[in-house]
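Letter by letter, the chains look like this.
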Amino acid sequence: MNVRTDFPVQFDQNGNLRHFLTIKGLPAETLTGILDIAHSFIDFGKREIKKIPLMRGKTVVNLFFEPSTRTRTTFEIAAKRLSADVVNMNAERMSTTKGESILDTVRTLEAMHTDMFVVRDRESGAAHLIASHLPEHVRVINAGDGRHAHPTQAMLDMFTIRQHKAEFPSLRVAIVGDILHSRVARSQIHALNILGAPEIRVIGPRTLIPTDIETMGVTYVNNMKNGLEDIDVIMMLRIQRERMDGQLIPSEQEYFNRYGLTEEALRFARPDAIVMHPGPINRGLEIASSVADGNRSVILDQVTNGIAVRMSIMAHLMGGQEKSKWN
Amino acid sequence: MNVRTDFPVQFDQNGNLRHFLTIKGLPAETLTGILDIAHSFIDFGKREIKKIPLMRGKTVVNLFFEPSTRTRTTFEIAAKRLSADVVNMNAERMSTTKGESILDTVRTLEAMHTDMFVVRDRESGAAHLIASHLPEHVRVINAGDGRHAHPTQAMLDMFTIRQHKAEFPSLRVAIVGDILHSRVARSQIHALNILGAPEIRVIGPRTLIPTDIETMGVTYVNNMKNGLEDIDVIMMLRIQRERMDGQLIPSEQEYFNRYGLTEEALRFARPDAIVMHPGPINRGLEIASSVADGNRSVILDQVTNGIAVRMSIMAHLMGGQEKSKWN
Amino acid sequence: MNVRTDFPVQFDQNGNLRHFLTIKGLPAETLTGILDIAHSFIDFGKREIKKIPLMRGKTVVNLFFEPSTRTRTTFEIAAKRLSADVVNMNAERMSTTKGESILDTVRTLEAMHTDMFVVRDRESGAAHLIASHLPEHVRVINAGDGRHAHPTQAMLDMFTIRQHKAEFPSLRVAIVGDILHSRVARSQIHALNILGAPEIRVIGPRTLIPTDIETMGVTYVNNMKNGLEDIDVIMMLRIQRERMDGQLIPSEQEYFNRYGLTEEALRFARPDAIVMHPGPINRGLEIASSVADGNRSVILDQVTNGIAVRMSIMAHLMGGQEKSKWN
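All values derive from a computational prediction rather than experimental measurement.

The rules behind each value
- All residue numbers here refer to positions counted from 1 along the written sequence of the relevant chain.
- To read the labels, note that chains go from A and ligands from 1, taken in the order they are written.
- Local features in a predicted model are, by the rule used here, given only for residues with pLDDT of at least 70; side-chain atom pairs are given and counted only at 80 or more, and totals for whole chains, interfaces and linings are based on all residues.
- Each side-chain value is worked out from all heavy atoms of the structure, with water and hydrogens disregarded.
- Lines fitted to C-alpha atoms define the axes, with helix axes restricted to the stretch in contact, and inter-axis angles between N-to-C directions lie between 0 and 180 degrees.
- To qualify as a helix, a DSSP run of H or I must reach at least 4 residues; to qualify as a strand, a run of E must reach at least 2; elements of each kind are numbered from the N terminus.
- These descriptions rest on fixed angle ranges, namely under 35 degrees for roughly parallel, over 145 for roughly antiparallel, 65 to 115 for roughly perpendicular, and the rest for oblique.
- Take the far helix as the reference: if the near one is turned anticlockwise from it by less than a right angle, the crossing is left-handed, and if turned clockwise, right-handed.
- Working rule for contacts: check all heavy atoms of both residues, and any pair within 4.5 Å makes them a contact.
- Each residue is assigned to one of three groups, with Ala, Val, Leu, Ile, Met, Phe, Trp, Tyr, Cys and Pro labelled nonpolar, Asp, Glu, Lys and Arg labelled charged, and all others, Gly among them, labelled polar.
- To line up the copies, we fit them by least squares on C-alpha atoms, keeping just the residues with pLDDT of at least 70 in both.
- Note on terms: buried area is the combined drop in 1.4 Å-probe accessible area of two parts once they are placed together, counting the loss on both.
- Salt bridge, as used here: a side-chain nitrogen of Lys or Arg that lies within 4 Å of a carboxyl oxygen of Asp or Glu.
- Any pair of nitrogen or oxygen atoms within 3.5 Å is treated as a polar contact; in protein, a donor-acceptor pairing is required on top of that, and neighbouring residues in sequence qualify only through side-chain atoms on both sides.
- Either an automatic procedure or a domain database provided the assignment from which the domain bounds are taken.

(A) Structural view of the packing of helix α1 (residues 28-44) of chain B against helix α11 (residues 299-317) of chain B. All names here are of chain B. One way to put it is that α1 packs onto α11 with a least axis distance of 8 Å and a crossing angle of 125 degrees. The angle between α1 and α11 places the two elements in the oblique class. As α1 packs across α11, the resulting crossing turns out to be right-handed. Residues Gly 33, Ile 34, Ile 37, Ala 38, Phe 41, Ile 42 and Phe 44 of α1 pack against Asn 305, Ala 308, Val 309, Met 311, Ser 312, Ile 313, Ala 315 and His 316 of α11. For the contact of α1 with α11, the per-class residue count stands at eleven nonpolar, four polar and no charged.

Laid out in structure tokens, this is it:
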């Protein structure tokens, strides 16, 4: 698939957000608007009745070409709390048909008057491809496409940072791990840049860092000691165990010793630094259990915020940008 | 399973439609009644809130012994738009138990006070068998059983024809492809006959046509040129690629050359002929991409109509035959 | 997992039922209270609109580490009739991580503000482990854990007995089959003892009876003739065909001859004895078809009651103990 993946397809002709495909290129006000509305959904999650009629009678299709129970569940819960009807489809991607089957599937579903697609695929560009071929009124959310982007994850990370820390222009942030294969890291870097974080460092073995990483406005540091110095926010990435083939990473133990976030490593950062992870965590591989469960960890806050942020994004796309509508 | 598959089990003692198992033997008024009500559900699909309380508090079980994400999804969406609770069951059929397990499963589900079963099975007669063994108030819809019938598909096809064409008594219809293995074709032929289509032709290689096809009230033609002459409606069938073993069909390319619906073949039909296909389509096998996506194709209309027609059938079975109830 | 499985974690500090993990140790009033409320849900199942708003806006997660379509469906239907949003998760249990992954999964789901977990696992103690690690307000129901307990099954059995028979203190009950591997039998024995059944007999081949069975307050009898004498309630267990390896059971035919519930065997019991089975039944293995379908069988009543009893348990856990709330 040869699809442009950073372009105005996200907006309609009036400049309203239509799809949520990538954070790259979004104005800061759009991000801030989503975070503000998400804030109102946080209290909502603690209510007796966690249900508002914002998407009542709308049909949301979770179209997952790559299985991910966890992410699928967060979108399912978010949509149901907005009163939408949710249809889960774990579609098999037929690689031989070169993207054609994906479009036939989507056109068919759209013909059933579905209103929103949440798309996950192991290839970059799937959500963009789909969004480019759907009529005006249908919305698409990218729930992770290949190595490209995972924008809702990055938004919930930004929300969590804002919840625990000062404003972005005063924050130093480190992203640690396998940047090369991480759609999460790409989306995080875009979001942090747009929101004005003055210093973003990426830390990890050279083999797991894209060669042109500096062009994204970040600094590469090859060890935890220097990398975490003066850092306010530590964003750990999940290591895929299948990378552990001796080529990119020597061994689990050596990786943990050099780049795992242990109590010792945590001391390099600021004493009030927060620890984040998109989950699911590999205890003893990229993070020590005591740190993951410790008082600096905001990992479970990220999960909670994930529902609120996804509700906010869905609400924005459905045209309910005025906060008054759901308060 | 030795079950009669064309009989009054579809009606209760007052002559009301109780199950929707096969089109064979239904009176024309029943078909027309379903199509009329489906019409009111078409606009409904474009509404802001696509939800009516007709089946609120009812439980619909999608009992699929043969996997079919697409068909299951249409029934799921239709039932949810009627406000029913939907439970999806991808049951494994234990062939060794000779149908007994299927009945134990169904009796168990019925004991949970479920109200409707949507049944799909790769053997003919499954939906009939189930309907014959359930108490009075439970409804069964056949979502495709073996080579026997796929009556809701045929009904949405009839709806689509009525939407685009004159009345049935003035229409010439061609069904093209693998008639032998097609439950869709069987149901289409019954429906067209009942609604009064004066001429139905089946086109395809002799090896894919039942030997007694003329007894169904259709004419067999072995080539597209003669078969499509003066035709108003072209109904393509999906070719199962597993038939391509060199015995029934020589090769994909040869099949496409002789029976594929290309731009050239389309010219044999009337200039305003419509092109239909139950989906999913095999581009370049039974139909050319340009025809499938062309302005004569009503394939996506079929999908849209499929929701409305299934809602109408469900509404009829639930006893809501009076149109006033859901307008 | 080394977890205590019979302890006060089921209650909060005010003595209200918080989780439903095991019947062992519950007071008789708790069981009776659940059965009383379930009674009001029985009529409810026959209503036109089978839906009450008791759990509206609550999120129930069906967390099944062992697949069980049937049990999952009953909980799904029960929760939906209480108006809850239901999320089904067929989670794979990673045995290598020794329970750690299960807790990370559950903590993650809890962080999404889910309200109730229905847990099924092939290892004993899973539901207890989860309940011990969740915050105060989250509820856990054990839907079967290893050989340990299946308390909702036992409760629906008690309901069914009460529906058809005199009070428990006058009843003689026999449990027949593979007691050794049966979580159902363990929970039934606890419930019958708590409710005051004066005589409980277990019947089966010695190889399928725990050696210390008498300590549970039951009598072992090795044949149907003596075992069923004067019995009011016969509770059959399902035989797992995988036990049929010639070690524990000689052959299917011999098992059926000696311990199958045939018409002949049934004559040993009281003439008004009822026949129960948790399903799915193995016809011709542990029970004859004529008995399973006969007029003494209450097997389908058990299924119907299963929905009402599970609704009652969910309602109790959500704090709606006062009957007035849902009448």
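(B) Here's a closer look at the relation of the copies chain B and chain C. Once chain B is rotated about the relating axis by 120 degrees and shifted along it by 0.0 Å, it coincides with chain C to within an RMSD of 0.0 Å. Taken together, the rotation angle and the small translation identify this as a three-fold axis.

(C) Region of the structure containing the interface of chain A and chain C. Counting from both sides, the interface comprises 22 residues of chain A and, opposite them, 19 residues of chain C. Buried area between chain A and chain C, both sides added, is near 1,900 Å², and the carbon and sulfur share of it is 54%. Our count for the chain A to chain C interface comes out at four salt bridges. Measuring nitrogen to oxygen at the nearest pair gives 2.6 Å for the salt bridge that ties Lys 51 of chain A to Asp 85 of chain C. Across the contact surface, chain A and chain C share eleven residue pairs in polar contact (both at pLDDT 80 or more). Those elements that place two or more of their residues in the side of chain A that touches chain C are α2 (69-81) and α11 (299-317) of chain A. Class assignment of the residues belonging to the side of chain A that touches chain C gives a composition of six nonpolar, six polar and ten charged.

(D) Here's a closer look at the domain arrangement of chain A. All names here are of chain A. Each assigned domain of chain A is listed here: domain 1 (28-149 + 303-321) and domain 2 (151-302). Computed over C-alpha atoms, the centres of domain 1 and domain 2 are 26 Å apart. Contact with domain 1, which involves 29 residues of that partner, is made by 26 residues of domain 2. Carbon and sulfur atoms make up 60% of the area that domain 1 and domain 2 hide from each other, which totals about 2,200 Å². Of all residues in domain 1, the largest losses of buried area upon contact with domain 2 belong to Leu 35, Arg 147 and Asn 305, amounting jointly to 30% of the total for that side. Summed over the shared surface of domain 1 and domain 2, the number is two salt bridges. Arg 162 serves as the salt-bridge partner of Asp 36, at 3.0 Å between the closest nitrogen and oxygen.

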